[in-house]
Each structure stands twice: as structure tokens, then as C-alpha cells.
Amino acid sequence: MIKWGEPRRLGVPAPEARLRFEAEQRETGGGPGRRLLVVDGEPAFELSFWCGTCPFLFRRLETARQTLSLESVQERLTGALADPEDGGVIDAFRALLPEGEYLPMLLRVEPRPVVPGREGDYFSGEQVATWGLDQFWGLPEYPHTPYYRTFETAVDASAHLYEFVVPMVPPTWNARERVEEYVELMGRGTVPTAVAVSTLDVCEPAVGLPADHYQHWGLTHFLLDGHHKLEAAATAGRPVHLLSLLALGECLAESEDCARLPALRTQPRSARATGP
């Protein structure tokens, strides 16, 4: 954590926002549908289910094909922000977001690339240790996208925070020359800044499941700007700054949990040992 601001109201009416959170509509009388992150009117990601006892989730959907970079702030984001309010970046991105309360946090992250099902994958590692395999498929949850892990720490004796940076499109879609340009800049000491809209989902399995039982706090940063920067940082083993706009009204977490994030994010990184 570098610095955080006070919660503030940002965004435009949901129908005008390029990015918004929605509940999938079901037939009359049915329960709530999937919880979705929508970009340009198309469902882009399925998120953790509303119940809070289902496993934590971000799952890329077939219609996730857009990034949300803004040319007007590209030069400012080539270097490091020292404060969330620097350079008018928040004001530039506010027109993309649905109206609501957001907590701005400026973070320093060292991204580690993860491919689902391979070493370091949260969904086939820590999540399976707590929830077990999907009871229907007999498989771990599958996010349908490579992603980055950046930080984790204990919340308390019964909860652990996991942090993820999720690209809107796969790193294989990135332009190689731009990634190499950022690798070179980072090699000369430049620390660029990425921008994300974020959610905090607190999930805990129902009583009685055979599990290494504890709460999983999933802090997910969906990249608005910085796809090439994150890949370059992961390639070069270098840090980037991440301006996170935490969408307080869209989290599966109590307001008190969201308020704890800045302090938790300043704790030393700590991995959690799983049970037998």
C-alpha cells in the first residue's frame, strides 16, 4: 500500500457506463441469476455467487473482448503515481464506471503470472483445500483466463486475504512490442501505473463440508489500463503501481471488511499453510 483516499462518489448512471455490475435475469419467481461484470453491454466476467458460501470466483466469458484504456492519461501512467489523486487519473476513468461509492487505493504490486490448473493456481490449490472439488464436475473451478497473483496475508485466525489482478483480455492478445518496450523501461528504473476497478468478496463454505475451513477474502482487480505493463512486470520481475478503485457497493463483503483493506494491505505478505 502506497496511499489510500477517502471513499468518494464516482461514475455515471449505469446505462451510460461502459463498465457495470449486473444480476442476470431469471424467469419470474426464480432466484437471483449470475452476478456479472459487464463491459460495453456484454457480460465479461461471472463473479462469486451471491450466497457467500459458494467458492470465490472470477470467470471470463466468451464476450470479454474489450480493454478500457484511455489515451488522454497514457503519458501520465507511463510513470509512477505517488498519490491516487495525481494527474487527474481518477476523474478520467470516472466516466467509464457506474455511479456509486469507490475507495481509491494506490498499491505497489509485483505480479506473478498464473495459468489455471498449473503451479500456483488458487482455484486448484487453496480453494480446493477449503471447498473440495466441484460436486457435479469433480474438478476445480476454472476461471477461463490467465491471471496474476500479487499479495496475500492473514486477516485473523479464521480468514485469509488473497489478491488477484485479472486482465480483461488474455496476455496472449498483448502486442509483443509494447510489452518489450515496458520491459526496457522497467530495466531503467521506471515504475509505470496500471488502473483497475476492484471488488472484495468474502466467501466461506457451509458448515459440514470436509475442508480446511476458513474465510477466503478475494480482492480482485479487473484491469482497466495496464495489460502490457502487468505482463512486462511479471516477465522482468519488476513492480508496478496499481490505482485500484474499489466498488464498495458491488462487493460481497460488509462495509467494515472493506474499511479494513488499507490496513491489511500494509501487513507483511504471509502464505497460509493448509490443513492435512
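Residues numbered from 1 in each chain as written. Predicted model: local features only at pLDDT ≥ 70, side-chain atom pairs only at ≥ 80, totals over all residues. Heavy atoms only, no water.

1. Digging into the pattern of salt bridges
Inspection of the entire model under this criterion finds 21 salt bridges. When the shortest N-O distance is used, the salt bridge between Arg-18 and Asp-40 registers 2.8 Å. With Arg-18 in the loop between β2 (8-10) and β3 (19-23) and Asp-40 in the loop between β4 (35-39) and β5 (42-47), this pair connects stretches of sequence that are 22 residues apart. You can call Arg-18 partly exposed: its relative accessible area is 29%. (Salt bridge = Lys/Arg side-chain N within 4 Å of Asp/Glu carboxyl O. Helix = DSSP H or I, 4+ residues; strand = E, 2+ residues; numbered from the N terminus. Buried < 20%, exposed > 50% of the residue type's maximum accessible area, 1.4 Å probe, protein only.)

2. Some thoughts on the pairing of β4
Note on strand geometry: in a regular strand, side chains alternate between the two faces of the sheet. The element β4 is extensively covered by neighbouring structure, given that 5 of its 5 residues are classed as buried. Where burial is concerned, the two faces of β4 agree: the one with Arg-35, Leu-37 and Val-39 and the one with Leu-36 and Val-38 are both buried. Two elements, β3 and β4, share 5 bridges in a ladder whose sense is antiparallel. Looking at the pairing, Glu-22 lines up with Leu-36 of β4. Examined bridge by bridge, β4 and β5 share 4 bridges and lie antiparallel to one another. Pairing of Val-39 across the sheet is with Glu-42, part of β5. (Pairing = 2+ DSSP bridges.)

3. Describing helix α4 (residues 176-187)
Here α4 is 12 residues long and its end C-alpha atoms lie 17 Å apart, about the 16 Å a rise of 1.5 Å per residue gives. When we look at burial in α4, the residues that qualify are Val-179, Tyr-182, Leu-185 and Met-186. The arc that holds the buried residues of α4, viewed along the axis, is 120°, so those residues lie on one side. Residues of α4 that are exposed and point over 90 degrees away from its buried face: Glu-177, Glu-180 and Gly-187. Structurally, α4 contributes buried residues whose contacts are with α5 (227-236) and β13 (240-247). Directly beyond the C-terminal end of α4, a positive phi value near 100° is found at Gly-189. (Expected span 1.5 Å × (residues − 1). Arc of directions from axis to C-beta. Contact = heavy atoms within 4.5 Å.)

4. Some thoughts on the pairing of strand β9 (residues 147-156)
By the criterion of burial, β9 is predominantly enclosed, with 8 of the 10 residues buried. Across 3 bridges, the pairing between strand β8 (residues 112-114) and β9 is antiparallel. Each residue of the ladder has a partner; that of Arg-112, found in β9, is Arg-149. As paired strands, β9 and strand β10 (residues 159-166) are joined by 7 bridges and run antiparallel to one another. Among the inter-strand pairings, Asp-156 is bridged to a residue of β10, identified as Ala-159.

5. Examining the nonpolar core
In terms of nonpolar packing, the biggest core is built from 42 residues, with Leu-19, Phe-93, Val-197, Phe-222 and Leu-224 touching the most fellow members. When near neighbours in sequence (up to four residues on either side) are disregarded, Phe-222 contacts Leu-37, Phe-45, Leu-47, Phe-58, Val-166, Met-168, Val-195, Ala-196, Val-197 and Thr-199. Tyr-148, Tyr-182, Ala-194 and Ala-253 belong to the second-largest nonpolar core, a separate cluster that totals 34 residues. (Core = buried A, V, L, I, M, F, W, Y, C linked by side-chain atoms within 4.5 Å.)

6. Things to note about a nonpolar patch on the surface
Residues Phe-136, Trp-137 and Leu-139 make up a contiguous nonpolar surface patch of about 440 Å² in total accessible area. Residue placement: Leu-139 occurs in the loop between α3 (126-131) and β9. (Patch = residues over 30% accessible without salt bridge, like charges linked within 9 Å, V, L, I, M, F, W, Y side chains within 5 Å. Areas by Shrake-Rupley, 256 points an atom, 1.4 Å probe, with all protein chains shown as cover.)

7. Digging into the state of the cysteines
Counted under the stated rule, the structure contains 0 disulfides. Of all cysteine sulfurs in the structure, the one in Cys-51 sits closest to Cys-54, which takes part in no disulfide; the separation is 3.0 Å. Cys-258 provides the cysteine sulfur closest to Cys-251, a residue in no disulfide bond, and the two sulfurs are 4.1 Å apart. By relative accessible area, which is 12% here, Cys-251 ends up buried. (Disulfide = S-S within 2.5 Å.)

8. Section: the packing of aromatic side chains
Any aromatic ring pair is given by two values, namely how distant the centres are and how the planes are angled relative to each other. With the rule as written, the count across this model stands at 14 aromatic pairs. Their ring planes at 80° and their centres at 5.3 Å tell us that Phe-58 and Tyr-147 sit as a pair that is edge-to-face. Of this pair, Phe-58 sits in strand β6 (residues 58-60) while Tyr-147 sits in strand β9, placing them 89 residues apart in sequence. For the pair formed by Phe-58 and Tyr-147, the shared burial category is buried. Site record: aromatic cluster; members linked through ring pairs are Phe-56, Phe-58, Tyr-122, Phe-123, Tyr-147, Tyr-162 and Phe-164. Residue placement shows Arg-60 over the ring face of Trp-173; its charged tip is 5.3 Å from the ring centre. (Phe/Tyr/Trp six-rings, centres within 6.5 Å; stacked < 30°, edge-to-face > 60°. Lys NZ or Arg CZ within 6 Å of the ring centre and 35° of its normal.)

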